[in-house]
Amino acid sequence: MSIVKFSTILSTAVPLPIENVDTDQIIPARFLKATTREGFGENLFRDWRYDKSGQPKADFVLNSSTYSGSILVGGKNFGSGSSREHAAWAIHDFGFKVVVSSFFADIFKGNALNNGLLPVQVSEKFLARIFQSIEDDSATLIKVDLEKQEISLKASGASEHFDINPYKKKCLINGYDDIDYLLSIKEKIAQFEVSRA
Amino acid sequence: MAGKTLFDKIWDAHVVNEIKEGPSVLYIDKHLIHEVTSPQAFAGIDQRGISVFRPQHTVATPDHNVPTVDQHLPIKEELSRFQVNKLTENCEKHGITLYGLNHPYHGIVHVIGPELGITQPGMTMVCGDSHTSTHGAFGSVAFGIGTSEVEMVLATQCILQPKPRKMRINVEGELSKGVTAKDVILYIISKISTSGGTGYFIEYAGSAIRGLSMEGRMTVCNMSIESGARGGLIAPDETTFQYIKGREFAPTGSAFDRAVEKWKKLKSDDEAVFDKELHYDAADIEPMITYGTNPGMGTKISSNIPTVEDIEPGNRESYKKSLSYMDFEAGTPIAGRKVDYVFVGSCTNGRIEDLREVADFVKGRRKADHITAWIVPGSKQVEKQAHEEGITGILEEAGFKLRQPGCSACLAMNDDKIPEGKLAVATSNRNFEGRQGPGARTMLASPLSAAAAAVAGIVTDPRSIL
Ligand code: SF4
């Protein structure tokens, strides 16, 4: 799958100040039955978002008209649990382009990057600051500049640098695809096989 | 020259190419696939108009979403049937070996790999499932991947992967009676938390680890991912070689001897340096159980649930949220709570040794009347062996319900769900909110502790009735 080029994002954000948000919360297993990548957004955070009869729970942030935007801000250790890429698909499919947290689970991070969803890891202090400024003003704008590797709060001007693997950064900015790269070195892979035999 | 860790040795031998400032191109020896995380990857291959590069290195089985009753009949649930059929179709189209429902080799991917001798020391192995770490028990580098990476392996037998850091966890001493591999890993995760292993690949070492059977080692490596680690591995030894010998796809005759010679070299050098090293004393480990909604929230069955004050201030909110989901009160004893369901199964504890352990314990006893007890063998072979050894009869007599192989109530994708609000003692690996069904409350424990809960009807330290 080729990914859409990632550019600078300026958006309001949706706060989810919960720690250890695991992949079973992001997309419960019973919704993993599709054989395509689309449509998982519908069941994103299903059991937090809807009650048993399928009615939206008013107090869950994705159901609130106060918060919207393409940036999801989560608590520490976001995305732990399963390797299901459906978690990244669901978040992306819902319309998020960036997930911010002070700590990400490994596989989730990789899956996100492979799907044009940017995981931005910030310090705990800065994360608290983001939550605070969203609480102060739900319309506050957050800017994520991948080129500069910087996340900033429009209102206060506070900003922080974030890390990303230079290769992955290049892929995201240019919309490159890992599989195209791997296919381009197939000869080399075949040689490797011979050399080990 | 600085020594190399076991992980380095295997990893480095599989690097096809290094990308400057980027990930390594890692060659994959064995690729396992199942019905849930592969269809989108096959669709990707088809869209590109390419074929699977090395179909002989991939093995498929449907496990996550299969029914565990009436497997000889067509699958009733439409979406599940569709996924399983899709897997069959994709395997036929691309020439991939498939052990479908009713095949004698069918089962949970992480159970069949080892029991068929597909999993061997020194290999790189991946699967679109985080518990691929199980195979590390054989001294292989095995880890879970996402579907985009499944597509990479199908297309090129390689994935792009940054090299993780290395951690060694040493458990020295002898485990006391009633303390099993599951308790060891629940203990470790309770110490390092669900993020303590993030960024690392763990090597488990020490006399307590070496003393474990292969099944026990698989249980430990299986749950590495619950600490956030990419995977875990254990240096192969005589126990490993004996386990592999004679299995379906293991080398035979002189080829086996040659392989063993090679496998014997698979260990960390004495001077190897780990990025992090931890030490635990086996004598400190007791039967463990989880009380919260992540696998790091575990404690000795003999102890109390931590008080709110025991928890770091920053984590108290989520701690309270977790206990309120479980309907438990902080500071109260964990034992004695009424249990509704007991689930013995999954890739963590659904192997023959686990079933044997449960059968030994319940022999001549009966489950408590109010308990629903499910035993789900990890594979067809486990099921068959359990019949042959008379285990099935013992379990049925004790009031356990035997189901057919699959992931079952581990992730409750099929009908095997714990009803809302009910409390389950499960031998699986995740106790997340709703993992075993919406509103289900899960406590993770060893097969022995699960058996004890079934018999007593309450959370019980198995040592009290051994
Ligand atoms: S048994 Fe559970 S953890 Fe293991 S592969 Fe199946 S769903 Fe995953």
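Engineer: How do you make sense of the confidence of the model for chain B when you look at a structure like this?
Structural biologist: Detailed reading of the predicted model is not advised wherever pLDDT is low. Taken residue by residue, chain B gives an average pLDDT of 96. The fraction at 70 or more is 100%. For this predicted complex, the interface score ipTM comes out at 0.91, while the overall pTM is 0.94.

Engineer: When you look at the site of the ligand in this model, what are you seeing that I'm missing?
Structural biologist: Residue and element names in this part refer to chain B. Near the ligand the following residues occur: H64, I108, H110, D129, H131, S346, C347, C407, C410, L411, N429 and R435. The class makeup of the residues in the shell around the ligand is five nonpolar, five polar and two charged. Both of domain 1 (6–161) and domain 3 (288–464) provide at least three residues apiece to the shell around the ligand.

Engineer: Would you mind showing me how to read the environment of A90 of chain A here?
Structural biologist: Residue and element names in this part refer to chain A. Checked against the element boundaries, A90 lands in helix 3 (residues 86–94). Owing to a relative accessible area of 0%, A90 belongs among the buried residues under this scheme. Taking the C-alpha atoms as reference, A90 lies 27 Å from E160; in sequence the two are 70 residues apart. Filtering out sequence-adjacent residues up to four positions away, A90 remains in contact with I27, F40, G41 and L44.

Engineer: Would you mind showing me how to read the pattern of salt bridges here?
Structural biologist: Opposite charge on two side chains permits pairing when their charged atoms draw close. Applying the stated rule across the entire model yields 35 salt bridges over all chains. In the salt-bridge network here, residues are joined through shared partners; they are R37, E85, D177 and D180 of chain A together with R48 and E151 of chain B.

Engineer: Quick question: what am I supposed to make of the pairing of strand 3 (residues 71–74) of chain A here?
Structural biologist: For a regular strand, side-chain orientation follows a simple rule: the groups alternate between the two sheet faces. All names here are of chain A. By the alternation rule, side chains of strand 3 split into I71 and V73 and L72 and G74, which are all buried. Two strands pair when backbone bridges link them, and strand 2 (residues 13–16) and strand 3 are joined in this way by four bridges, in the parallel orientation. The residue of strand 3 that forms the bridge with L16 is G74. Bridging between strand 3 and strand 4 (residues 98–101) involves three bridges; their strand directions are parallel. Its bridge partner being in strand 4, I71 is matched across the sheet by V98. Handedness of the crossover joining strand 3 and strand 4 through helix 3: right-handed.

Engineer: Before we go on, may I ask you to explain the interface of chain B and chain A in this structure?
Structural biologist: Reports often express the size of an interface as the amount of accessible area lost when the parts come together. Counting residues at the interface gives 64 residues for chain B, matched by 53 residues for chain A. Across the salt bridge formed by R435 of chain B and D24 of chain A, the nearest N and O atoms sit 3.0 Å from each other. If you look at where chain B meets chain A, you find 28 residue pairs in polar contact (both at pLDDT 80 or more). For the side of chain B that touches chain A, the elements supplying multiple residues, two or more each, are strand 1 (15–18), strand 2 (24–27), helix 2 (39–48), helix 3 (78–94), helix 5 (147–156), strand 8 (158–161) and helix 11 (316–326) of chain B. Sort the elements by how many residues they give to the side of chain B that touches chain A and helix 5 of chain B lands first, with seven residues. Here the residues of the side of chain B that touches chain A are counted per class, giving 25 nonpolar, 23 polar and 16 charged.

The rules behind each value
Residues numbered from 1 in each chain as written. Chains lettered and ligands numbered in written order. Predicted model: local features only at pLDDT ≥ 70, side-chain atom pairs only at ≥ 80, totals over all residues. Heavy atoms only, no water. pLDDT = per-residue confidence, 0-100. Near = heavy atom within 4 Å. Nonpolar A, V, L, I, M, F, W, Y, C, P; charged D, E, K, R; others polar. Domains from an automatic or database assignment. Helix = DSSP H or I, 4+ residues; strand = E, 2+ residues; numbered from the N terminus. Buried < 20%, exposed > 50% of the residue type's maximum accessible area, 1.4 Å probe, protein only. Contact = heavy atoms within 4.5 Å. Salt bridge = Lys/Arg side-chain N within 4 Å of Asp/Glu carboxyl O. Pairing = 2+ DSSP bridges. Right-handed = clockwise from strand over helix to strand, strands pointing away. Polar contact = N/O pair within 3.5 Å; in protein donor to acceptor, adjacent residues only side chain to side chain.

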